Amino acid sequence: MATVKTYDPELLRAERRKRENIRRLKGLGLHALLITILGVMLYPVIWMVLSALRPETEIFGDMGFIPTNWTLENFVRGWQLYGDLTFTQFYVNSFIICALAIIGNLLACSMAAYAFARLEFRGKWWLFAIMLGTMMLPIHVQLIPQYIFFLNIGWVNTILPLVVPKFLAHDAFFIFLMVQFMRSLPNELEQAAIVDGASYWQRYWRIILPLSMPALATTAVFTFINTYNDFFSQLIYLTDTDRMTVPVALRLFLDPSGGSSSFGGLFAMVLVSIGPVLGFFLASQRLLTKGIATQGFK
Amino acid sequence: MQEFRLKKRVAGSLLATSILALSMAVLPNGAAAQDSDLQGEIRFSWWGGQVRNDKTDRIIQLFEGQHPNVSIVRENADWAPYWERLTIQSTGNNQPCAITMQTRWLATYARPDILMPLDELVENGTLDVSGIPEPVLNSARGADGNLYMIPHGVFYFALMYNEQMAQTAADAGVAPLEYPYTWDEFAEYLTAILPHLPEGAASVHNMGREQDAFVTWVQSHGEDVFDGSNVAFSKDIAVQWFEYWEALRTAGVTEPPEVMISDNSALIEESNIANNRGFMTNRPPNQLGSVQTTVDTVSPGTTIGITPYPVGPDGTVGMDIGANGIAIGASCDEAQIPVAAEWINFWTQNEEAAGIYESDNGVVSIPALATAQAEDPDTQPTQVQHIELYQQIIDTANPVFWPAGGYQALTDTLNRAYDAVAFGQLTPEQGADQLIADLQQQLSQAAR
């Protein structure tokens with residue numbers, strides 16, 4: 001005779017409650033751990049923010065985490081670097097370079113990528129390999145010849161060495177990134193355009209480019225971040241103080257050679273300078289995530 | 001379709017913006033010239049932080065106010081990038097007309113194709129060097145004997161100490177350290193003062209890895225550091241140096257090696273002495289004001305004093321002095337040379353300019369101006385100490401002739417060698433062997 005197994009509903013409910021409690025406890029533990037890690041990671045940033053808001057003399061003197069005296073003086077003094085030079089000028093300089101670099105990279109890299117991804121021509125794979133090979137050249141190898149070249153054509157102390165190469169598909173990484181993306185687009189779309197009599201330019205401009213928006217956004221964001229943070233090229237090519245950019249100007253608060261440093265101004269201006277990068281990233285976060293996810297960079 | 005038109009419009013505006021910005025970028029930034037005896041535009045480069053930049057800018061404005069047809073294009077950078085940029089500019093013969101230079105780095109650039117030899121301009125009176133002491137002026141010569149810069153500030157390293165800690169020890173019966181003192185007397189004093197310091201504070205920063213202290217040690221023992229592009233000091237003197245600091249370290253008089261490295265930051269705000277974690281350290285006295293300002297916030301009432309390095313067993317003084325000055329770039333146009341020369345004269349000789357600069361990058365090289373600054377009631381007391389100690393040591397100091405790359409090479413190799421000794425990886429003998437071999441290799445490479 002078969003036995004029928006019976007379940008006590010009370011016992012079942014208790015078991016469920018127990019499982020639920022364990023799950024909640026695990027979730028709580030995990031969140032506590034993540035919050036702790038986040039705190040550790042954010043501590044230097046929070047310290048910097050609070051240091052920018054305390055009087056300069058208290059930055060290294062006051063051991064407390066929360067300032068005893070609050071001030072915006074560091075922002076005022078930091079913005080006015082010295083003489084007539086203010087960060088307004090440096091931001092304008094930085095933004096002009098960033099805007100042009102983004103436009104240049106988006107146009108030139110996407111065109112080069114289209115050629116590599118969708119067109120067939122003799123020597124394509126050799127050229128692609130050479131293009132990838134340029135990514136392996138360290139900047140130090142190119143520095144002096146590039147400088148002398150730009151000097152000889154009269155471009156030093158102008159923004160041209162920083163932006164013109166971008167219009168010539170100079171960043172191999174972004175070409176590679178877009179090639180990968182464009183290869184994943186269905187051929188049928190382009191074939192349909194060919195049937196309609198579309199030229200190469202029309203296929204690139206009307207079909208491929210609009211579909212490559214995530215890759216373009218990724219390129220734009222990384223170009224902005226790289227250009228905005230670029231210190232060395234801007235240091236050597238923009239020598240006149242009126243043409244200085246934000247990262248170069250930020251270094252002028254410190255004097256490791258023995259003079260006085262201005263940490264208050266530095267922290268305040270670093271805080272302000274984070275704003276554009278953060279804003280640009282947040283504004284394009286959705287496209288950026290999509291771009292990275294669809295290009296196999298997971 | 002509307003979206004496409006919109007994109008087209010955006011693309012059009014972006015293109016127009018680009019063209020506009022590119023055209024703006026290539027426009028020359030020259031100044032309008034007016035009638036004047038002296039006219040033209042020169043580029044002037046210097047290094048420094050916000051305070052020095054502000055002072056320099058005020059001096060430039062003063063000069064431009066006196067010479068309305070002259071324009072000085074400012075090129076400044078932080079210490080390390082300054083030299084990187086100058087090196088790259090020099091490779092393209094695009095160095096500024098007036099270049100701030102330092103004797104420790106001079107040998108790297110002291111070539112007629114990079115810097116203009118200035119002897120002729122001095123002889124014909126275009127450059128005014130009156131009042132600059134001969135040893136200071138001679139320290140601005142290259143290996144070829146040519147004068148390559150006009151010194152405007154003389155700097156030196158010395159020892160900074162906490163005066164209240166010294167007083168507490170003196171009250172407890174430790175005999176104060178009176179200059180001149182030998183290295184042995186110095187070590188005895190530091191050992192004696194240790195029990196009277198606040199808990200956790202070291203008597204002295206471990207200077208085993210500090211090239212300024214090492215140079216003083218070598219010279220105070222009657223040896224030279226360099227002979228041209230060769231190492232001139234003996235292995236024995238290096239071994240003794242490592243043993244000296246190892247004895248102090250193992251006795252707990254200095255901080256442990258890991259702290260020695262982490263606290264060895266060049267930034268004043270992070271230093272032991274400014275944060276009451278140490279009694280004594282080596283620092284250039286032009287930092288005294290900044291150290292005192294930081295100490296005022298950490299420990300109000302504490303004052304920092306300065307004293308020279310110890311002397312050798314026979315009383316020989318080994319302190320090195322260096323000079324900062326202005327050189328003229330070899331690429332400077334003939335028409336710009338009078339402007340550059342007048343600018344150098346103004347910077348080195350003008351009392352008002354010296355008053356603005358306040359010996360910010362070394363004590364002003366003309367003794368009369370230095371005395372005037374020290375006697376000025378508006379001068380900061382720390383700056384007065386800085387100038388007075390300079391006046392005390394200038395006659396006995398022994399300037400080192402640094403070969404090309406020598407300063408950085410000695411700093412790097414001494415750091416590596418002593419770190420290995422302090423961490424127990426090498427014996428003092430092995431450390432000395434490594435120091436001499438590495439240093440010689442780097443000097444030979446730089447001389448090629």
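On a predicted model such as this, the values are computed, not experimentally measured, just so you know.

## With respect to the domain arrangement of chain A
Residue and element names in this part refer to chain A. Each assigned domain of chain A is listed with its residue range as follows: domain 1 (9-76) and domain 2 (83-294). If you average the C-alpha positions of domain 1 and of domain 2, the two centres end up 35 Å apart. With ten residues of domain 1 in contact, the opposing surface of domain 2 contributes twelve residues. Buried area between domain 1 and domain 2, summed over both chains or domains, comes out near 880 Å², and the portion from carbon and sulfur atoms is 82%. When residues of domain 1 are sorted by the area they lose upon contact with domain 2, Met-48, Glu-56 and Phe-75 head the list and together hold 52% of the total. At the boundary of domain 1 and domain 2, one finds zero salt bridges. The tally of links from domain 1 across to domain 2 stands at one residue pair in polar contact (both at pLDDT 80 or more). Mapped by element, the contributors of at least two residues to the side of domain 1 that touches domain 2 are helix H1 (9-52), helix H2 (56-59) and helix H3 (73-79). In terms of residues, the side of domain 1 that touches domain 2 owes the most to one element, H1, which gives five residues.

## Considering the sheet that holds strand S11 (residues 321-328) of chain B
Residue and element names in this part refer to chain B. The strand order across the open sheet formed by six strands is S2-S1-S3-S11-S4-S12, and the pairing between neighbours is mixed. Each having just a single partner strand, strand S2 (70-77) and strand S12 (363-364) make up the two edges of the open sheet. As paired strands, strand S4 (residues 150-156) and S12 are joined by two bridges and run antiparallel to one another. If you follow Val-154 over to S12, its bridge partner there is Val-363. Sitting on the sheet, helix H3 (residues 79-91) touches strand S1 (40-47), S2 and strand S3 (98-102), and the angle it makes with S3 is about 120 degrees.

## Details of the packing of aromatic side chains
Summed over the entire model, instances satisfying the criterion amount to 61 aromatic pairs over all chains. Ring pairing ties together the aromatic residues B:Tyr179, B:Tyr181, B:Trp183, B:Phe186, B:Phe214, B:Trp217, B:Phe233, B:Trp241, B:Tyr244, B:Trp245 and B:Tyr309, which thus form one cluster. For A:Arg183, the ring lying beneath its charged end belongs to A:Phe128, and the centroid distance is 5.3 Å. A cation over a ring is seen here: A:Arg251 above A:Phe231, with NZ or CZ 5.0 Å from the ring centre.

The rules behind these values
Residues numbered from 1 in each chain as written. Chains lettered and ligands numbered in written order. Predicted model: local features only at pLDDT ≥ 70, side-chain atom pairs only at ≥ 80, totals over all residues. Heavy atoms only, no water. Domains from an automatic or database assignment. Contact = heavy atoms within 4.5 Å. Buried area = accessible area lost by both parts, 1.4 Å probe. Salt bridge = Lys/Arg side-chain N within 4 Å of Asp/Glu carboxyl O. Polar contact = N/O pair within 3.5 Å; in protein donor to acceptor, adjacent residues only side chain to side chain. Helix = DSSP H or I, 4+ residues; strand = E, 2+ residues; numbered from the N terminus. Pairing = 2+ DSSP bridges. Axes fitted to C-alpha atoms, helices over the stretch in contact; angles between N-to-C directions. Phe/Tyr/Trp six-rings, centres within 6.5 Å; stacked < 30°, edge-to-face > 60°. Lys NZ or Arg CZ within 6 Å of the ring centre and 35° of its normal.

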